[in-house]
Amino acid sequence: GSNEDPIHARTISEGQTALHLACSAGATEVAKMLLEAGGSTVTDRDNSGATPVLLLLRHRFKAKKQMELLSRIISSPASIHTWWNEHRCGCTGRSLATKACEWRNMAALRIVLDAEGAGPVDARDHEGKTSLHHCCELGWKAGIETLLLYGASFDAQDQQGSTPIMLAIGSNDL
């Protein structure tokens, strides 16, 4: 209604909060103010199921300010204990690390992997695939090397019995 708090208000068409909009636009200062005001939740989902963090990753911002914002959101006290599960991507169950791999965003991948409470590097999606499976399918060498440095298992099997190595060979990109 007209008396609704603007921090909690949502857009009619997409159900996005002010934090969603700030992250989507890469407006880091606005997002920081919203976080400091304490009203915006980093785990709120819009109508498509996206969290503000996912929107920040989706737009592939690589600038230092956007990566600082990503780090700040992920490590915010309000979300430190819940973000790993809450930020999984709706119907696929993919982690933020997997999304960073899909968008080949190295800065974001490192921030997500370094985040306190980020969960295991071998977290699995609904198909039983890890971030390393997805990197190998994409043939993203830098992502593969980074995940291995963080202890990702190269012999984890997905629901089809495929390991990341098998997918890397199948991608013909490595």
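The coordinates are above.
Residues numbered from 1 in each chain as written. Predicted model: local features only at pLDDT ≥ 70, side-chain atom pairs only at ≥ 80, totals over all residues. Heavy atoms only, no water.

**Q** Teacher, can you tell me more about the overall build of the protein chain here?
**A** Across its full length, the protein chain holds ten helices and zero strands. Listing every helix and strand of the protein chain by position from the N terminus yields α-α-α-α-α-α-α-α-α-α. In the protein chain, buried positions account for 51% of the 174 residues. The contacts of the protein chain with a sequence gap of at least 6 include a subset with a gap of at least 24, amounting to 67%. If you sum the accessible surface of the protein chain, you get close to 8,600 Å²; carbon and sulfur atoms cover 52% of it. (Helix = DSSP H or I, 4+ residues; strand = E, 2+ residues; numbered from the N terminus. Buried < 20%, exposed > 50% of the residue type's maximum accessible area, 1.4 Å probe, protein only. Contact = heavy atoms within 4.5 Å. Areas by Shrake-Rupley, 256 points an atom, 1.4 Å probe, with all protein chains shown as cover.)

**Q** What is the right way to look at the pattern of salt bridges in this model?
**A** Counted according to the given criterion, the structure contains five salt bridges. Its salt-bridge partner being Glu127, residue Lys129 comes within 3.7 Å of it at the nearest N-O pair. With relative accessibility at 14%, the residue Lys129 sits in the buried group. The exposure class of Glu127 is partly exposed, given its relative accessible area of 39%. Look at the salt bridges and you will find they share partners, linking Glu127, Lys129 and Glu137 into a network. (Salt bridge = Lys/Arg side-chain N within 4 Å of Asp/Glu carboxyl O.)

**Q** Could you clarify how one ought to interpret the environment of Ala123 in this entry?
**A** Within the secondary structure, Ala123 sits in the loop between helix H7 (106-114) and helix H8 (131-138). Note: C-alpha distance between Ala123 and Arg94 (29 residues apart in sequence) is 8.5 Å.

**Q** Looking at this model, I keep getting lost on the packing of helix H1 (residues 18-25) against helix H2 (residues 28-37). Mind explaining?
**A** Each pair of packed helices gets described by two things: the angle between the helix axes and the distance between those axes. For the pair H1 and H2, the least separation of the axes is 8 Å and the interaxial angle reads 155°. As the angle between them shows, H1 and H2 are arranged roughly antiparallel. Considering the relative orientation of H1 and H2, their crossing is left-handed. Packed against H1, whose contacting residues are Ala18, Leu19 and Ala22, the element H2 presents Val30, Ala31, Leu34 and Leu35 at the interface. (Axes fitted to C-alpha atoms, helices over the stretch in contact; angles between N-to-C directions. Parallel < 35°, antiparallel > 145°, perpendicular 65-115°, else oblique. Left-handed = near helix turned anticlockwise from the far one by under 90°.)

**Q** Please clarify how H1 should be interpreted in this entry.
**A** Note on helix geometry: an α-helix contains 3.6 residues per turn, so any two residues three or four positions apart are oriented the same way. Those residues of H1 not exposed but buried are Leu19, His20, Ala22 and Cys23. Axial view of H1: buried residues confined to an arc of 165°, hence all on one face. Immediately downstream of H1, the backbone of Gly26 shows phi near 75°, a positive value. (Arc of directions from axis to C-beta.)

**Q** Looking at this model, I keep getting lost on unusual backbone geometry. Mind explaining?
**A** Negative phi characterises most residues that are not glycine, and trans characterises most peptide bonds. Non-glycine residue Arg104 carries a positive phi angle of around 50°. Along the polypeptide, Arg104 turns up in the loop between helix H6 (96-102) and H7.

**Q** What am I meant to see in the side chain of Ser153 here?
**A** Here Ser153 lies in the loop between helix H9 (141-149) and helix H10 (164-171). Of note is the side chain of Ser153, whose polar atom sits 2.6 Å from the side chain of Asp155. From its side chain, Ser153 meets the backbone nitrogen of Ala156 in a polar contact 3.3 Å long. Ser153 has contacts with Asp122, Leu132 and Pro164, leaving out every residue within four places of it along the chain. (Polar contact = N/O pair within 3.5 Å; in protein donor to acceptor, adjacent residues only side chain to side chain.)

**Q** Would you mind showing me how to read the nonpolar core here?
**A** Soluble globular proteins: nonpolar side chains tend toward being buried together. If you look at the biggest cluster of nonpolar residues, it comprises 38 residues, and the most contacted ones within it are Leu19, Leu57, Leu69, Leu70, Ile73, Leu109 and Leu147. Counting residues per element, this core draws most heavily on H7, at six residues. Setting aside anything within four residues of it in sequence, one finds Leu69 in contact with Cys23, Thr28, Ala31, Lys32, Leu35 and Leu56. (Core = buried A, V, L, I, M, F, W, Y, C linked by side-chain atoms within 4.5 Å.)

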